[in-house]
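Reading the structure
Residues per chain, in single letters:
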Amino acid sequence: MPMQSFNILKRDSQTSARLGRLQTAHGPVNTPVFMPVGTQGTVKALTPAHIDELGIEMFLCNAYHLNDRPGTGVIAACGGLHGFMGVRKPILTDSGGFQVFSLASRRSISDEGVEFNSHIDGRRLFLGPAEAMAIQRELGSDVAMVLDECAPYPCSREYASQAVARTLKWAAACAGQPRAPGRLVFGIVQGGMYAELRRRCAEELSAMNFDGLAVGGVSVGEPEDVLLAGIRDSVGFLPPEKPRYLMGVGEFGQMAEAVAMGIDMFDCVIPTRLARNGAAVTRHGRYPLKAALYKDDLKPVEEGCGCYACRNFTRAYLRHLLNSDEILGIVLLTIHNIYCYMQFMAEIRAAIENGAFGKFLAGVRTDK
């Protein structure tokens, strides 16, 4: 039986936004929260000290990739992901369901599970509900995700319906697997762009009494109006007392709109990936810091920003590092980009706390 793990502290009077606290085995997480992605057991370019200093409350690792390399035996011998990575913060693991979508050319799928050819060495791997939960159990994550099938965009209603049926079957099987004390398990709503399928999936998952529910199958190449519709078609049928996690969405405007619909948790590769490509995130947009325009620019990455990179270095210096392929450039820009995301979520939480989220949301819409 799921433990009582989520408390709603305040609700916005004008929208469905809410301030909450998720209790995990490695401490509380204040929501709404953004979780940086650490697919391979590291948030790229950040040390565990950076994770603490930046105020990251929770981050995501990928069970499929970590099972493939180095293998769960190595990680379990180190005391799970926390011991392996040397971190103290709560960790959520994706079951590998997204790889059903992203590695479509390397897999075959049936009602029993998915067979993959490893993207590392080509060996054949099988991932079913029991395997997905066992891997996450060995990893020792705080939140484990059920195995699901993420349908591509666009796809036929028939395809999406089959993916929903498979997702529900796998979710029921995952719900019956053993779990470590204190571990939370979240179900995942699928259904593509079909509102009635999303409603069915949300309602049937809700009846399985998971600790939380995620909205999946969005941010897979669809236009923004379809993305937002997918969230809207799902969230209204989720239990209001449970945490709601929107998978793979990380644009500021989209996150603000999703919070207004009642979403509590987010993850995305955007801030770290942009940093590796030399792009700076700011509260009012992003720009290519590697561009010649910034060669002699003595301003910080973002004026008024309080991150370590902006307090100590210029755009000119970071541009030089990035264009010289110096690792420090990616580290400093990642610090800035993640700090910007943490500040954005802190502003959202403060706005809800102060009864001003409607005004905050209007400002975000204006910025777009």
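Throughout, residues of each chain are indexed from 1 in the direction in which the sequence is written. Only residues with pLDDT of at least 70 get local features here, since the model is predicted, and only at 80 or more are side-chain atom pairs given and counted; chain-wide, interface and lining totals rely on the full set of residues. Derived side-chain values reflect all non-hydrogen atoms in the structure, with water molecules and hydrogen atoms excluded from consideration.

Brief notes about the overall build of the chain
Helices and strands together make up the secondary structure of the chain, namely 15 helices and 16 strands. Just to be clear, the radius of gyration here is over C-alpha atoms, and the globule rule we use is 2.2 Å times residues to the power 0.38. For a compact globule of 368 residues, the expected C-alpha radius of gyration is about 21 Å, and the chain comes in at 20 Å, within 12% of that figure. Dimensions of the chain, computed from the C-alpha atoms along their principal axes, are close to 60 × 50 × 40 Å. Burial here depends on accessible area, computed with a 1.4 Å probe over protein chains only, as a share of the maximum for the residue type. Under 20% is buried, over 50% is exposed, and the range in between is partly exposed. The buried share among the 368 residues of the chain stands at 55%. Whether two residues are in contact is decided by their heavy atoms: any pair within 4.5 Å suffices. Considering only intrachain contacts with a sequence separation of at least 6, the fraction spanning at least 24 residues in the chain is 66%. In the structure as shown, the chain presents an accessible area of about 14,700 Å², 51% of it carried by carbon and sulfur atoms. Charged side chains in the chain number 38 positive and 38 negative. The centres of these two groups are separated by 2 Å. The numbering of helices and of strands both runs from the N terminus, where a helix is a DSSP run of H or I of at least 4 residues and a strand a run of E of at least 2. Per-residue and other accessible areas follow the Shrake-Rupley method at a 1.4 Å probe size, with only the shown protein chains counted as cover for residues. Counting rule applied: Lys, Arg positive; Asp, Glu negative; His and chain ends not counted. One atom stands in for each charge, and that atom is NZ of Lys, CZ of Arg, CG of Asp or CD of Glu.

Details of the side chain of Lys 242
Along the polypeptide, Lys 242 turns up in the loop between α9 (224-235) and β13 (244-246). Here, a salt bridge means any Lys or Arg side-chain nitrogen found within 4 Å of an Asp or Glu carboxyl oxygen. There is no salt bridge for the buried Lys 242, and the closest opposite charge comes from Glu 241, which lies 4.7 Å off by N-O distance. By the criterion applied in these results, polar contacts are pairs of N or O atoms within 3.5 Å in which, for protein atoms, one can donate a hydrogen and the other can accept it, and in which residues neighboring in sequence qualify only through two side-chain atoms. Looking at Lys 242, its side chain comes within polar contact range of the main-chain oxygen of Phe 210, at 2.7 Å. When sequence neighbours within four positions are dropped, the list of residues in contact with Lys 242 reads Phe 6, Arg 18, Asn 209, Phe 210, Asp 211, Gly 212 and Asp 264.

Notes on the nonpolar core
Tyr 245 and Phe 357 are the most contacted members of the largest nonpolar core, which has 120 residues in total. Of all the elements, helix α14 (residues 327-353) adds the most residues to this core, at 14 residues. If we skip the residues at most four places from it in the chain, Phe 357 touches Asp 12, Thr 15, Ala 17, Ala 256, Val 259, Ala 260, Ile 348, Ala 351 and Ile 352. In plain words, nonpolar cores are sets of buried Ala, Val, Leu, Ile, Met, Phe, Trp, Tyr and Cys residues tied together by side-chain atoms within 4.5 Å.

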